[in-house]
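Residue-level structure breakdown
Below are the chains, spelled out letter by letter.
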Amino acid sequence: MAEALRNAGVVVTGAGGGIGAALARRFAEEGARVVVNDLDAAAAERVAAETGGTVVVGDASRVVAEAREALGGTIDIFCANAGIGTGGGPEAEDDVWLQAWDVNVMAHVRAARELLPEWLERGSGRFVATVSAAGLLTMVGAAPYSVTKHGALAFAEWLALTYRHRGIRVHAVCPQGVRTDMLRAAGAAGELVLAPTAIEPEDVAEAVFQGIADERFLILPHPEAGEYFTARAADTDRWIDSMNRLQQKLEHSG
Ligand SMILES: NC(=O)c1ccc[n+]([C@@H]2O[C@H](COP(=O)([O-])OP(=O)(O)OC[C@H]3O[C@@H](n4cnc5c(N)ncnc54)[C@H](O)[C@@H]3O)[C@@H](O)[C@H]2O)c1
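Rules used in this analysis
- Residues numbered from 1 in each chain as written.
- Predicted model: local features only at pLDDT ≥ 70, side-chain atom pairs only at ≥ 80, totals over all residues.
- Heavy atoms only, no water.
- Near = heavy atom within 4 Å.
- Polar contact = N/O pair within 3.5 Å; in protein donor to acceptor, adjacent residues only side chain to side chain.
- Areas by Shrake-Rupley, 256 points an atom, 1.4 Å probe, with all protein chains shown as cover.
- Nonpolar A, V, L, I, M, F, W, Y, C, P; charged D, E, K, R; others polar.
- Buried < 20%, exposed > 50% of the residue type's maximum accessible area, 1.4 Å probe, protein only.
- Helix = DSSP H or I, 4+ residues; strand = E, 2+ residues; numbered from the N terminus.
- Right-handed = clockwise from strand over helix to strand, strands pointing away.
- 1 Å grid on protein atoms, 1.4 Å probe; cavity = no way out; pocket = protein on both sides within 12 Å on 5 of 7 lines; lining within 4 Å.
- Points joined across faces, edges and corners; volume = space filled by probe spheres on them.
- Core = buried A, V, L, I, M, F, W, Y, C linked by side-chain atoms within 4.5 Å.
- Contact = heavy atoms within 4.5 Å.
- Salt bridge = Lys/Arg side-chain N within 4 Å of Asp/Glu carboxyl O.
- Phe/Tyr/Trp six-rings, centres within 6.5 Å; stacked < 30°, edge-to-face > 60°.
- Lys NZ or Arg CZ within 6 Å of the ring centre and 35° of its normal.
- Arc of directions from axis to C-beta.

**Looking at the site of the ligand**
Taken together, 26 residues sit near the ligand, with Ile19, Asp38, Asn81, Tyr145 and Thr180 positioned nearest. Asp59 is positioned with one of its side-chain polar atoms (N or O) 3.1 Å from a nitrogen atom of the ligand. Within the complex, the protein chains bury 90% of what would otherwise be the 830 Å² of accessible surface of the ligand. A class-by-class count of the residues in the shell around the ligand yields 10 nonpolar, 12 polar and 4 charged.

See the structure below:
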């Protein structure tokens, strides 16, 4: 696998910090040529300076054309990593829901739309979606996040099953808590649910590399998320009871 990554053209969205920065560093260590995308120009510049990468500043939805040009015409691996951790429930305003939908789902759809013609013609390409365990399960206190991460997982699964025989590989990365700015901003729910088992962004990057080497669709940096996923499918009402107890604990913690 290391051989395949040497000189590969890789794009990582939301790579100015957190998991995206760890992915960019790890791909660069493996010898890939990395495009570092972020809305935050200064953060992207810092990571690009460390990795010898190229910066593309701006929204993750609109990165493919510029990144392709920076990489000399070919993108081998696209990491749809940028995401926003929107909390609340139905009372959250429509524009809050729509922003979560736009970044957490539509950025993946728009990138795939632009990548697929090149990848299908070549018969290869790899799409790595940073989803979340919230896409397999649910994050208490955060309906827009949970719903849009379920959407991101559904889209990744759809891509994987539609194009596998045409040489396109897809991975859905579904961590629980990761020590990044997003977790620090997650408030009481993050403290209660995510912080106790949180891992470092570098651990996620390592899991991604293992998942790519094993050609696994579902990448679970917290293996217990797979057990919860199975438990949820096997007895959904029991699962909802246990999550409701967590919700009640959250209400009493405030
Ligand atoms: N931290 C966690 O506990 C955790 C757990 C599971 C999944 N995730 C997912 O991992 C991904 C990365 O999150 P993180 O924890 O590293 O967050 P982070 O907030 O530390 O980093 C996200 C980066 O994305 C950038 N960004 C935000 N919106 C963007 C946009 N529209 N276009 C380009 N860049 C944008 C931000 O400027 C920031 O640099 C997200 O998709 C998130 O949902 C995080």
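The structure having been displayed, the exposition proceeds.
**Regarding the pairing of strand S5 (residues 125–130)**
For S5, the tally of buried residues reaches 6 of 6 residues, placing the bulk of the element in the interior. For the handedness criterion, the β-α-β arrangement of strand S4 (residues 77–80), helix H5 (residues 94–122) and S5 is classed as right-handed. Handedness of the S5-helix H6 (residues 143–163)-strand S6 (residues 168–173) crossover: right-handed.

**A word on empty space enclosed by the protein**
Counting across every chain of the model gives 1 cavity of 30 Å³ or more. Within this model, the largest cavity holds a volume of roughly 50 Å³. Considering the residues around the largest cavity, the lining is formed by Ala160, Arg164, Ile168, Arg169, Val170, His171, Glu215, Arg216 and Phe217. Among the elements that take part in the lining of the largest cavity, S6 stands out by supplying 4 residues, more than any other.

**Notes on the nonpolar core**
Of all hydrophobic cores here, the largest spans 49 residues; its most connected members are Val11, Ile75, Phe78, Leu115, Phe127, Leu159 and Val170. Every element with two or more residues in this core is listed here: helix H4 (64–70), S4, H5, S5, H6, S6, helix H8 (187–194) and helix H11 (236–253). Those residues within four positions of Leu115 in sequence are excluded, and the remaining contacts are Val64, Arg68, Ile75, Phe78 and Phe127. With 31 residues, the next largest nonpolar core counts Ala15, Ala32, Val128 and Val204 among its residues.

**Here's the deal with the pattern of salt bridges**
For the structure shown, the criterion picks out 13 salt bridges. Here Arg26 makes a salt bridge to Glu30, at a shortest N to O gap of 3.2 Å. For the salt bridge of Arg62 with Asp59, the shortest nitrogen-to-oxygen distance reads 3.4 Å. Here Arg62 falls in the exposed class, since its relative accessible area comes to 57%. Owing to a relative accessible area of 26%, Asp59 belongs among the partly exposed residues under this scheme. When salt bridges with common partners are traced through the structure, they connect Arg68, Asp76, Glu118 and Arg122 into a single cluster.

**What about the packing of aromatic side chains?**
In this structure the tally under the stated criterion is 4 aromatic pairs. Taking 6.0 Å as the distance between ring centres and 80 degrees as the angle between the ring planes, the aromatic pair formed by Trp158 and Tyr163 counts as edge-to-face. Among the residues examined, Tyr163 registers a relative accessible area of 13% and is labelled buried. Over the face of the ring belonging to Phe209 we find Arg26, whose NZ or CZ atom lies 4.5 Å from the ring centre.

**A look at helix H3 (residues 41–51)**
Side chains of residues three or four places apart in an α-helix project in the same direction, reflecting 3.6 residues per turn. Turning to H3, its buried residues number three or more, namely Ala43, Ala44, Val47, Ala48 and Thr51. When H3 is viewed along its axis, its buried side chains cluster within an angular range of 130 degrees and face the same direction. Opposite the buried face of H3, at more than 90 degrees from it, the exposed residues are Arg46 and Ala49. One side-chain oxygen at the N-terminal end of H3 lies 3.2 Å from the backbone nitrogen of Ala42; it belongs to Asp40. Remark: Gly52 follows H3 within two positions and exhibits a positive phi of approximately 70 degrees.

**Section: the layout of surface pockets**
Here the second largest pocket is characterised by a volume of approximately 200 Å³. Lining the second largest pocket are 13 residues; nearest its centre among them are Ala4, Asp76, Ile77, Gly125 and Arg126. Among the elements of the structure, helix H1 (2–5) and S5 are those that each provide at least two residues to the lining of the second largest pocket. A breakdown of the residues in the lining of the second largest pocket according to their chemical character gives 6 nonpolar, 3 polar and 4 charged.

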